Number of protein chains: 2
Amino acid sequence: MTRYVYPFGAPDDAHDELPDAPALLGGKGAGLRAMARMGIPVPPGFTITTEACAFHDEHHGALPDALDGEVRAAMRGLEALLAMGFGDTSNPLLVSVRSGARVSMPGMMDTVLNLGLNDATVEGLARASGDARFAWDSYRRFVQMYGDVVLGMKPASKHDHDPFEEILDARKRERGVRDDTALSVDDLRALVGDFKKLILERCGEAFPDDPWTQLWGAVKAVFRSWANPRAVTYRRLNHLSSQGGTAVTVQAMVFGNLGDDCATGVAFTRDPSTGERRFYGEFLVNAQGEDVVAGTRTPQPIVGGGYPGAPPSLGDLMPDAWRDLQRVAGELEAHFRDMQDIEFTIQRGRLWMLQTRAGKRTAKAMVRAAVEMANEGLITRDEAMLRVDAARLDDLLHPTLDPKAPRTVLARGLPASPGAATGRVVFHADDAEALAAKGEAVILVRLETSPEDIHGMHAAQGILTARGGMTSHAAVVARGMGKCCVAGCADLDVSYARGELTARTAQGPVVLKRGDVITLDGSKGEVILGALPRTAPALDAYWTTLMAWVDEARRLRVRTNADTPHDARVARSYGAEGIGLCRTEHMFFDEQRILAVREMILAHDADARRVALAKILPMQREDFVGIFTAMEGLPVTIRLLDPPLHEFLPAEPAQIADVARALGVTPEAVAARVTALHEANPMLGHRGCRLGITHPEIYDTQVRAIVEAAVRCQRDGVRVVPEIMIPLVGTAAELSLLRARCLAVADAVLRDEGASLDYTVGTMIELPRACVTADAIAANADFFSFGTNDLTQTALGLSRDDAGRFLGDYVAQGIYAKDPFVTLDRDGVGALVRMAVEKGRAVKPALKVGICGEHGGDPESVGFCHDVGMDYVSCSPFRVPIARLAAAQAAVRAKGGDA
Amino acid sequence: MTRYVYPFGAPDDAHDELPDAPALLGGKGAGLRAMARMGIPVPPGFTITTEACAFHDEHHGALPDALDGEVRAAMRGLEALLAMGFGDTSNPLLVSVRSGARVSMPGMMDTVLNLGLNDATVEGLARASGDARFAWDSYRRFVQMYGDVVLGMKPASKHDHDPFEEILDARKRERGVRDDTALSVDDLRALVGDFKKLILERCGEAFPDDPWTQLWGAVKAVFRSWANPRAVTYRRLNHLSSQGGTAVTVQAMVFGNLGDDCATGVAFTRDPSTGERRFYGEFLVNAQGEDVVAGTRTPQPIVGGGYPGAPPSLGDLMPDAWRDLQRVAGELEAHFRDMQDIEFTIQRGRLWMLQTRAGKRTAKAMVRAAVEMANEGLITRDEAMLRVDAARLDDLLHPTLDPKAPRTVLARGLPASPGAATGRVVFHADDAEALAAKGEAVILVRLETSPEDIHGMHAAQGILTARGGMTSHAAVVARGMGKCCVAGCADLDVSYARGELTARTAQGPVVLKRGDVITLDGSKGEVILGALPRTAPALDAYWTTLMAWVDEARRLRVRTNADTPHDARVARSYGAEGIGLCRTEHMFFDEQRILAVREMILAHDADARRVALAKILPMQREDFVGIFTAMEGLPVTIRLLDPPLHEFLPAEPAQIADVARALGVTPEAVAARVTALHEANPMLGHRGCRLGITHPEIYDTQVRAIVEAAVRCQRDGVRVVPEIMIPLVGTAAELSLLRARCLAVADAVLRDEGASLDYTVGTMIELPRACVTADAIAANADFFSFGTNDLTQTALGLSRDDAGRFLGDYVAQGIYAKDPFVTLDRDGVGALVRMAVEKGRAVKPALKVGICGEHGGDPESVGFCHDVGMDYVSCSPFRVPIARLAAAQAAVRAKGGDA
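Residues numbered from 1 in each chain as written. Chains lettered and ligands numbered in written order. Predicted model: local features only at pLDDT ≥ 70, side-chain atom pairs only at ≥ 80, totals over all residues. Heavy atoms only, no water.

(A) Quick look at the pattern of salt bridges. Residue and element names in this part refer to chain A. Tallying each qualifying case throughout the model produces 131 salt bridges over all chains. Linking Arg-554 and Asp-551 is a salt bridge whose minimum nitrogen-to-oxygen distance equals 2.9 Å. Overall, the relative accessible area of 30% leaves Asp-551 in the partly exposed class. Note that Lys-818 and Glu-860 form a salt bridge whose closest N and O atoms lie 2.6 Å from each other. One end of the pair, Lys-818, is in the loop between helix H32 (804–812) and helix H33 (829–843); the other, Glu-860, is in helix H34 (residues 859–867), and 42 residues separate them in sequence. A relative accessible area of 24% means that Lys-818 is categorised as partly exposed. The exposure class of Glu-860 is partly exposed, given its relative accessible area of 39%. (Salt bridge = Lys/Arg side-chain N within 4 Å of Asp/Glu carboxyl O. Buried < 20%, exposed > 50% of the residue type's maximum accessible area, 1.4 Å probe, protein only. Helix = DSSP H or I, 4+ residues; strand = E, 2+ residues; numbered from the N terminus.)

(B) Examining the side chain of Arg-368 of chain B more closely. All names here are of chain B. You can see Arg-368 is positioned in helix H13 (residues 363–376). Of the polar contacts made by the side chain of Arg-368, one reaches the side chain of Tyr-542; its length is 3.4 Å. If we skip the residues at most four places from it in the chain, Arg-368 touches Thr-274, Gly-275, Glu-276 and Tyr-542. (Polar contact = N/O pair within 3.5 Å; in protein donor to acceptor, adjacent residues only side chain to side chain. Contact = heavy atoms within 4.5 Å.)

(C) Highlighting the sheet that holds strand S5 (residues 246–252) of chain A. All names here are of chain A. Taking strand neighbours across the sheet as the criterion, the 5 strands line up as S1-S2-S5-S3-S4 in an open arrangement whose pairing is antiparallel. Unpaired on one side and paired on the other, strand S1 (5–8) and strand S4 (112–115) mark the two borders of the sheet. For this sheet, the mean inter-axis angle between neighbouring strands, taken without regard to orientation, is 20°. Pairing between strand S2 (residues 45–48) and S5: 4 bridges, direction antiparallel. Within the sheet, the bridge partner assigned to Thr-47 lies in S5 and is Thr-249. Each of S1, S2, strand S3 (95–101) and S5 is contacted by helix H1 (residues 21–37), which is oriented at about 120° to S3, the strand it contacts most. This element, helix H8 (residues 211–225), spans S2, S3, S4 and S5 of the sheet and lies at about 145° to S5. (Pairing = 2+ DSSP bridges. Axes fitted to C-alpha atoms, helices over the stretch in contact; angles between N-to-C directions.)

(D) Main features of the interface of chain B and chain A. Contact with chain B, which involves 47 residues of that partner, is made by 47 residues of chain A. Buried surface at the junction of chain B and chain A, summed over both partners, amounts to about 4000 Å²; 58% is from carbon and sulfur atoms. The largest share of the area that chain B buries against chain A comes from Leu-684, Arg-769 and Arg-805 of chain B, three residues that together contribute 17% of it. Connecting chain B to chain A are 2 salt bridges. (Buried area = accessible area lost by both parts, 1.4 Å probe.)

(E) Region of interest: the relation of the copies chain B and chain A. Overlaying chain B with chain A gives an RMSD of 0.3 Å, the required rotation being 179° about an axis along which the chain moves by 0.2 Å. Given the turn and translation reported, the copies of this chain are related as if by a two-fold rotation axis. By residue overlap, the copies meet face to face through one surface: 100% of the interface positions of chain B are interface positions in chain A. (Least-squares fit on C-alpha atoms with pLDDT ≥ 70 in both.)

Note that every value here comes from positions in space, so none of it alone points to a role or purpose.
Below is the structure:
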């Protein structure tokens, strides 16, 4: 029979090892269970499994029959252990009810604290704690939280008023006080009454006094929250499965708000911004945990600043608890073999751990922590490489603000997530999304962020908040996303109503409106007026170490897609080992030659085309000399002309007139030809090698330019490795014809020049037909390069230009796990690629195989390329290091090193 | 060592059996060899193999070293056998040199007769034959033919003058005679001199007197003719391989022009128009074979008309030869087990066979001959089915002229190829092609046709000639093409110069110009003024017999693609066993509902869409009631909406205004939406099941209409078998979501109606991704229907709308063997289809599988569908019988019955 409830924290509890605790108990439940097994102090409790949630989802909200008995038994165990009673009026047991899915989803799921309080037990709590104000404040908070979370009274958006807060504010105004803490027990008691009345009015049912009714209500609310829109959005944005569900952890309450010998805090075992091995966190004295995370009070650092006037550290205030916390942190790192993100409460001087999980960190921290943990012997080098999220390396490779450029700093806040971002000020997540969709860079400015701002944070280049600390929602989420964030910027006033941001500077207030441009320096915590020049990033020694390990571990070569000598040089500096795709069409758009290109296209016969091509030849030759020189000694794969010719045609009357003059015809005749060349589906039209078949003189000219350039470079002492690539091949016959023609032209050039040259001729594999007939095609190919952009378009019947209208719906509904243009569709496109590799190698075992679609820079896709036995991947210059790491990770995984 | 020469016709020659004689010796050489082995009188000779031609092609015109010796040895054998000498001045051996490829290509290859004549041997021939005029006429013809064929003096086009004919005409004018026969020996001798002078002038080299030089010149000319443009065109149009080459047959001349006891003729062992078992042919007394075929003299029937005034039959004139000919015909049919097309010459009363080959015949004849041969026991029923070219059945299924309609007959000719055709008069093949390309139906009118008219005959609906008989070029080729032809219409004058056709009618001359409309009745040989109403064809008893065998032999079911009750009924009358594809989009274009459709598309939300769809629902329901009723008892597969919605949008301002009014918005707003919905590649865009995912209410409405219609029909006692088909599925998830939604809607309707219904939900497989993931997709599909039109577009990356620009080049260069939109690309698309069938059946062995692309009516593709194990094919109504036959042929072939 399925077991749905797992207790933890009883000292004599053996806690059997579970095969996949996070899947069953959620990350939070598994962490608590692990800590309890290690003897670390956790308030005892029990976890209801994710399987119960799955049952709930599948049975339209019903719970398994056995659950009631199991929960009651666990609660009895808890009562016995703590010598308290759930609902007991003299010594009431209060519990927290928290969600926890397999993968941590910060802020996404709802939590209820202080559950078990009612008009009777509150008095017991007052007596037991000796603090009636505390008891009634806890009760007031509980009723409010229960109304919000369980009874669905939480406002749909932050812009709406929370009705409980309105009542609270009214009471404070009435009493003439600013802080909640200034309210009396009677005030709090009255507030509880008002809150309950509101609940009855709004919900048509009374607030449940019975603790068991409260508990089941909260459990079901947690289960329901799994499918709430914010959670769904989070999972979608983070490519998390919607399967699985959440567990519910019911845990005895401990209190950080019982007095000045109490505290609550969150911390990381290493610095999540830099990865440095130092204890890093914040705490609040006499507070509940939610106060830290929500950012409503700015917490103080656990480790003191050490400068005069710095707030006291935890060690200063509670040395015993601080010692315990350091010891626990060490034990947790040793156990989990990773940097931990922990939550704790100190109740009357005693430390209680409430959570541990792998800490989110910046890309920089990810690299440093991984390298240092490997050097410390905590993990192996293979594990270190797997610990770095390859996709996140992007953050390190993009330019940072030029430190020498003068900057007008408007305000300083916390350096919550490093990097730099420039964009237009917006104040609402929806606005951020809308403006970003139009191609504008935006900075989302909020008093504080909350889970419903996630989509706006995604859309923004950077996030700026006026409140909240280094572990506030904004900071944690921004670091996870690799977005720059400046948080807790107290010198800023944000008015949503006026749509204004006011910086109180030494020179007086500066007011910014929606749309004004600012720059954030996330590493320094600065808010800067206007845009700022940026410089290439400086990569540190940890990076260098990691990449050395990576290059040693990987089997896949990494090349770049580059069409210019500049791009080639950038890519080479990032470790590119050749060019996998040099597109020649971009060269055709050059202002100097587009007229000749148009003449060529609009010419009525091959002879006229040849006249135009003769003008292009010397320019093409110079292009290739530049690229060969930049890539000296490394292979350069040049793709012959690919796009449909009408892409080059003039649209403007002036351009049409130019072409008409050059061709000696009327503008009307040119316009008519332009119209005639229109295609219904250009993606499937007259392009790629079809141009080579019907207009052979174009490819002849390109091959001549390549070979002449190569010969010239060789004479200048530059070693060249040219690879001529024929695009869009669908049949063996196309390649056979075009290859023969390439060889004939190349041989003629070499004969004329009296030179020799090693070069190869291969093909892009980008049509399903090419995949299924790859054996026949391989006979005439020295190499295959998978053009997975077009292969995705054709295999899925999906135009990249048009898919925007429904691709969002598709990913949201889980029809595609990910955007197939970003991550290679392994089951579909991948199956075709695998088939082509196998068929090609079957007839030509030494066939060189690579990928040059944009998937070549996507870590998951690179893993596939490794698995399928490719020789290399090729990607854009900035993604070369990502591909190198992903290649190493694939190699490590393949040898069974997955940690 | 390769042997290049095979003699035949020596009485003591054993003639070893050759494994594939037609491939090695060509059809003509193999036929002669076979006849010789059977003891049938053939003039002896020898055949130079196709391998020598291939050598010639591969070695830039050089011949194999061994060939000279082999040819000389064979010639010595011939001389010894006939007691004549090649080049001998007293008893000269003359030979014909003829081409002959594996597959007969009528008129495509060149022939030289009377080879061996020169100024010395002509005197020997005169003495030996006792007829100096005959000898000098033969010499004159030989020089002319040699100049034309071997020395390349033949005019490039019929429109140009033949320089030899000009000299001949001048001589006749000078002598004041009309016929060649009225020229004297001296005239002929002078002509030979003039011809030789012309050759020297034009070619810069003298006519070769040496017979061996003549022979090698002729052999090489035959080899060269394999690659001449007409031959290449013929092979392309008939999908014949350009590999193989032609053989050369060198054969001792026999003469049908030595006097009135001589004749020459061509015949069929059965009637090639009707298939009736009767000897059928024509002959000319005292003539050479070329005279019959070329149509310059109108020959007389071999079997007399039996009516008073009919010309004498061959039996009347030469009873012994006629008896021999009948015997030979019987032997040949028995040997080759097929109707034969034979050529013969009677020299001084003795029959010589010059050729035998399978006779080309009309579709009607094909069916009758096959059925009768099977009934006679000559072939099996399986062979009979294989003997009928399924593609040709089309000829029988198309309408014929209404016999009751009044007709103005302009002229009567020979009923050379049956059927009816109406079109505009054109006089030149190029003109026919040009006008046909503009969508005009044309009738090609010629004095006589020749191989260079082939492309015009292809383009024309029918062919009309003023000269030539039932076995003239026009007649033979037209029958082969299944085109209607009236030949030898002596009452017509054709003037190419004036572009006029004059019919000498009883009422006086009627002059028709280019562009005037005429109708041909190919079955009666009538030329009719204007257009005539047509009626459905009457299919005869042979047809009925054949189709009964077909239905017994085939395993594949044959359905039809039909969108209307009318099409459904037509298809059913042709044997359709259900509808394999009922497209619903055509219904949306109906004038009554297009406005509602546009409202639906342009609506801003699902509710507004529902309002519009509610208007469409009852109309859709009526559509389905009509189709279900027409197809009572048979399955009907209905495809839910497939095309991108913008196809339905208004383009004209008036339509835009209508929609704007209906939606209550401005025309500008509608125009803007129309523009916004434009797609770059609509083929790969927002269409098919993607509409179902994003606009579920559309599919909901269609499913409701289907189920409501089915319930209504059931109540009316009409048995319905609805199959709901979801198009463009690429992932299992799409089908799973949409299938669930279909079932939900259908169940709701059935619940409301209190009815039950057997229906299935399946999918089109038309994307490569669907093929490679067909196992996952099959889990949610009751059936697969391959949409090979779109699968071809996506697998080959080839837009059907745009491919016209290069597909011609591609087929011409052999890159695609055939147009992949006509005949399924077996290696590419076929491999994907096979994969999908295998994967689908692996998880669901009973999965029903069919095809509904246009390939379902192409015989070769139907064969593939059988081989791959499909359950049915679906095609347009008129192609249903073709598909039935093709299915039977595939079944017969599969059991090894290929003959």
